[in-house]
Amino acid sequence: MDKIPQFRLKDENGEILISSFLEGMRMIIAYVPDLGDDSVMELQELDSIYQKLMIRNIPILAVMPVPTEDLKDLMDREGLRIKLLSDDGSFAESFGVKDRTTFFIGRESEIIAQWDTPYNSAYVPGIYDKVKSVLK
């Protein structure tokens with residue numbers, strides 16, 4: 001997959017985000033498979049680099065197969081600033097993901113890097129290191 005598939009998903013507020021709105025931007029897209037403890041920790045860690053990436057105009061999107069109401073509750077409970085998106089199955093299918101996968105997307109909608117490893121303490125620092133190395 002050279003370019004990412006187009007997507008149209010609802011965010012934590014029920015607003016629709018269309019991927020074409022993000023064309024020309026670098027971004028991190030994390031597919032998070034559930035609301036388990038590892039997933040919440042991953043979201044918290046992604047949120048911890050939110051400011052560092054937003055300064056570089058790189059948004060973080062977390063896509064989850066969870067209803068928008070649950071995303072809103074999660075965002076409020078955890079104080080998350082990253083954008084949460086509800087997947088109806090179309091994102092997972094078009095991106096070919098079933099488990100935790102994170103993409104670093106370039107300005108031309110190309111995949112610069114992809115991580116498919118299980119969540120661990122080095123997961124998010126590795127993502128941030130890759131972003132820094134590309135921006136040098």
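Residues numbered from 1 in each chain as written. Predicted model: local features only at pLDDT ≥ 70, side-chain atom pairs only at ≥ 80, totals over all residues. Heavy atoms only, no water.

Enquirer: I'm lost on the sheet that holds strand S5 (residues 83–86) in this one. Help?
Expert: Pairing between sheet strands relies on hydrogen bonds along the backbone, with the strands arranged either parallel or antiparallel. Spatial strand order, S2-S1-S5-S4-S3-S6-S7: seven strands in an open sheet with mixed pairing. Either end of the sheet is taken by a strand with one partner, and the two such strands are strand S2 (16–18) and strand S7 (111–115). Each strand axis lies, on average, 30° off the axis of its neighbour in the sheet, ignoring direction. In the sheet, strand S3 (residues 27–31) pairs with strand S4 (residues 60–64) via four bridges, with the strands oriented parallel. Note that in S4 the partner of Ile29 across the bridge is Leu61. This element, helix H3 (residues 68–78), spans strand S1 (8–11), S4 and S5 of the sheet and lies at about 160° to S5. (Pairing = 2+ DSSP bridges. Helix = DSSP H or I, 4+ residues; strand = E, 2+ residues; numbered from the N terminus. Axes fitted to C-alpha atoms, helices over the stretch in contact; angles between N-to-C directions. Contact = heavy atoms within 4.5 Å.)

Enquirer: Would you explain the pairing of S3 in this entry?
Expert: In regular strands, side chains alternate between the two faces of the sheet. The buried fraction of S3 amounts to five of the five residues, a majority that puts the element mostly inside the structure. Residue alternation in S3 divides its side chains into two sets, Met27, Ile29 and Tyr31 and Ile28 and Ala30, and both sets are buried. (Buried < 20%, exposed > 50% of the residue type's maximum accessible area, 1.4 Å probe, protein only.)

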